[in-house]
Amino acid sequence: MIPCMFVLAEVSAQTPWTLESWQTRPALQQPTYENPAELRAVVEQLAALPPLLTSYEVIQLREQLAEVEAGRRFILQGGDCAESFADCQGALIASKLKILLQMSLVLVQGSKRPVTRIARIAGQYAKPRSEDMETRNGVTLPSYRGDLINRPAFTPEDRRPDPTLLLRAYERAGLTLNFLRSLAKGGFADLHHPEYWDLSFARHSPMEAEFHHMASGIGEAVRFMENILGIRASEIERVDLFTSHEGLHLWYEQAQTRRVPRREGWFNLSTHLPWIGFRTAQVDGAHVEFFRGIENPVGVKVGASASEEMLLALIDKLNPQGRPGKLVFIHRLGNRKIAEHLPRLIRTVRNAGKRVIWVCDPMHGNTFMTPDGIKTRDFGEILSELEQAFDIHAAEGSYLGGVHIELTGENVTECVGGARGLTASDLHRAYRSEVDPRLNYEQALEMAMLLARKMARAG
Ligand code: PEP
Ligand code: CO
């Protein structure tokens, strides 16, 4: 069986890629639209609208990721499990940017490296689901697949896949990105004053003094740059921020993948870093086929059931020329399984003489249900997976190039644990996610601080 998979992979790598070649492959997790003509009309409209970003930015990210691959830079990737259209609001966008920027400064300090910030934002609107249909009180309707596809309310009208939502998603993505770009240009001056950060959670932690010490250390470093090195605040206030989302809905991705003047190849201009979800990472499936043809760096989620053969076949397909900064493996193994699986994954890639960027997603292998049936994750288990990831990469002589976290800048109660010790009974209070539970503002900042501490100790 295994050799057969290799043969297939080799043959398919040689077949020419086109913008539509994915359509000849099995495409999992796609909605079924009632009227294909309506979908085609929407895809045509979308393809004619201006791109959300430029090829220059995509190349800039690839260059930064090449530095990550070489062990000289670190990635912070984070944001919602699923963005919703309703959350396309100024304050919510600003608070997401704020927590990501704060975490990134903490990680710069801990890792002693520049940090590339990649938000799960401006396009994270489609979700894979384990069941196509959902039944409630004897009524069966299509599952909610994200605002790109249908709506969460349990009515036939809301759950009907609606192609015009692709246009609404593109518009929301454009609005979000427009505001992010303005903020990142200079609207975040207080970022450089960690004395303004909300560290009230630290009071509940035995590491309170250390957390305050870290924040004031960052403030001192910023003042040193400004006052001693003479780097003007306006320069450091400009922050790079890249976007990412799961490249799940292939019509949406196709419509925004373009050629650009004076550059070779095809660029997906809806997001800087699309990633292939674990459920759609079949080597001969439509998603891998689509994403092998673009110039962007590409991520792939890798779970505990990934075989060595699968990993190597993915590398052959998605980065056959071994271009630096091109392929990111985001492992999401779970805190109980990482010790068993990560060493074999690292060795498989290294023994084949290949290179990838390794990022740890400590969220998706650690989801569980409370006795009341609420989906949650435990801060301690998330931290444990991350810490193990650092230790295992170090023991294997490999480099953990980044972390991938589901978080929000709001004070939600979706994950248990953290300094305030949220428990299952707190989850009812402010559980807002339609899909996976996110770290809230405090939990996310605390996680970054604990991680920075771990990295600083590792040297
Ligand atoms: C996600 O990142 O929200 C997700 C669905 O992840 P995975 O593909 O790893 O399950
Ligand atoms: Co998720």
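Summary of the structure given here. (Residues numbered from 1 in each chain as written. Chains lettered and ligands numbered in written order. Predicted model: local features only at pLDDT ≥ 70, side-chain atom pairs only at ≥ 80, totals over all residues. Heavy atoms only, no water.)

Observations concerning the coordination of the cobalt ion (ligand 2)
Protein-derived coordination of the cobalt ion (ligand 2) comes from Cys-81 (SG), His-364 (NE2), Glu-406 (OE) and Asp-436 (OD), at a distance range of 2.1 to 2.4 Å. Mapped onto the sequence, the donors of the cobalt ion (ligand 2) take the spacing C-x282-H-x41-E-x29-D. Taken together, the residues span a long stretch of sequence, with Glu-406 in strand 14 (residues 400-406) and Asp-436 in the loop between strand 14 and helix 14 (441-458) at a distance of 30 residues. The class of Glu-406 is buried, set by a relative accessible area of 0%. Relative accessible area serves as the criterion here: at 9%, Asp-436 is assigned to the buried category. (Donors = N, O, S within 2.8 Å, 3.2 Å for Na, K, Ca; no water. Helix = DSSP H or I, 4+ residues; strand = E, 2+ residues; numbered from the N terminus. Buried < 20%, exposed > 50% of the residue type's maximum accessible area, 1.4 Å probe, protein only.)

Comments concerning the packing of helix 12 (residues 338-351) against helix 13 (residues 379-395)
Following both chains from N to C, one finds helix 12 and helix 13 inclined at 40°, their axes separated by 10 Å at the closest point. For the pair helix 12 and helix 13, the crossing hand works out as right-handed. Contacts between helix 12 and helix 13 involve Ile-338, Ala-339, Leu-342, Pro-343 and Ile-346 from the former and Glu-385, Gln-388, Ala-389, Ile-392 and His-393 from the latter. (Axes fitted to C-alpha atoms, helices over the stretch in contact; angles between N-to-C directions. Left-handed = near helix turned anticlockwise from the far one by under 90°. Contact = heavy atoms within 4.5 Å.)

With respect to the side chain of Arg-73
With respect to the secondary-structure elements, Arg-73 resides in the loop between helix 3 (55-69) and strand 1 (74-79). On the basis of relative accessibility, which here comes to 12%, the residue Arg-73 falls in the buried class. Arg-73 has contacts with Gln-64, Glu-67, Val-68, Arg-113, Pro-114, Val-115, Thr-116, Tyr-399 and Gly-401, leaving out every residue within four places of it along the chain.

Side note on a nonpolar patch on the surface
A surface patch of nonpolar side chains, amounting to about 330 Å² of accessible area, comprises Phe-224, Ile-228 and Leu-229. As for its position among the elements, Leu-229 is in the loop between helix 7 (208-228) and helix 8 (233-237). (Patch = residues over 30% accessible without salt bridge, like charges linked within 9 Å, V, L, I, M, F, W, Y side chains within 5 Å. Areas by Shrake-Rupley, 256 points an atom, 1.4 Å probe, with all protein chains shown as cover. Salt bridge = Lys/Arg side-chain N within 4 Å of Asp/Glu carboxyl O.)

A few points about the pattern of salt bridges
Counting across every chain of the model gives 31 salt bridges. Two residues, Lys-301 and Asp-361, come together in a salt bridge whose shortest N-O distance is 2.9 Å. On the criterion of sequence distance, the pair formed by Lys-301 in strand 9 (residues 298-302) and Asp-361 in the loop between strand 11 (357-360) and strand 12 (367-369) is long-range, its members being 60 residues apart. Per residue, the accessibility class of Lys-301 equals that of Asp-361, and both read buried. The partner of Arg-429 in a salt bridge is Asp-426, and the shortest N-O contact between them spans 3.1 Å. Sharing partners across several salt bridges, the network here consists of Arg-120, Lys-375, Arg-377, Glu-406 and Asp-436.

Focus on the site of ligand 1
Near ligand 1 you find 13 residues, and of these Arg-120, Lys-127, Phe-278, Lys-301 and Arg-332 are the closest. With respect to ligand 1, the side chain of Lys-301 contributes an N or O atom lying 2.8 Å from an oxygen atom. When ligand 1 sits alone it has 300 Å² of accessible area, and the protein chains cover 97% of it. (Near = heavy atom within 4 Å. Polar contact = N/O pair within 3.5 Å; in protein donor to acceptor, adjacent residues only side chain to side chain.)

What about the pairing of strand 5 (residues 242-246)?
Successive side chains on a regular strand alternate, one facing one side of the sheet and the next facing the other. Strand 5 sits mainly inside the fold: five of its five residues count as buried. A two-sided burial pattern is seen for strand 5, the buried positions comprising Phe-242, Ser-244 and Glu-246 on one face and Thr-243 and His-245 on the other. Relative to strand 8 (residues 273-276), strand 5 runs parallel, the two being bridged by three bridges. Counterpart to Glu-246 in the pairing with strand 8 is Trp-275. (Pairing = 2+ DSSP bridges.)

Focus: the nonpolar core
The tendency in soluble globular proteins is for nonpolar side chains to be buried side by side. Of all hydrophobic cores here, the largest spans 115 residues; its most connected members are Phe-329 and Leu-439. Of all hydrophobic cores here, the second largest spans 12 residues; its members include Leu-65, Ile-75, Leu-273 and Val-359. (Core = buried A, V, L, I, M, F, W, Y, C linked by side-chain atoms within 4.5 Å.)

Some details on the environment of Pro-371
Residue position: Pro-371 is located in the loop between strand 12 and strand 13 (375-377). For the pair formed by Pro-371 and Ser-84, sequence separation is 287 residues and the distance between their alpha carbons is 27 Å.

Description of helix 3
Compared with the 21 Å implied by 1.5 Å per residue over 15 residues, the 21 Å span of helix 3 between its first and last C-alpha is a close match. Buried within helix 3 we find Ser-55, Glu-57, Val-58, Ile-59, Leu-61, Arg-62, Gln-64, Leu-65, Val-68 and Glu-69. At the C-terminal side of helix 3, Gly-71 shows a positive phi close to 85°. (Expected span 1.5 Å × (residues − 1).)

Focus: the packing of aromatic side chains
Summed over all chains, the structure comprises eight aromatic pairs. Residues Trp-22 and Trp-251 carry aromatic rings whose centres are separated by 5.0 Å and whose planes lie at 80° to one another, so their mutual orientation is edge-to-face. Here Trp-22, found in the loop between helix 1 (2-14) and helix 2 (36-48), pairs with Trp-251, found in helix 9 (residues 250-255); they are 229 residues apart in sequence, far enough to count as distant. On the basis of relative accessible area, Trp-251 is assigned to the partly exposed category, the value being 22%. Ring pairs connect the aromatic residues Trp-17, Trp-266, Phe-290 and Phe-291, which therefore count as one cluster. (Phe/Tyr/Trp six-rings, centres within 6.5 Å; stacked < 30°, edge-to-face > 60°.)

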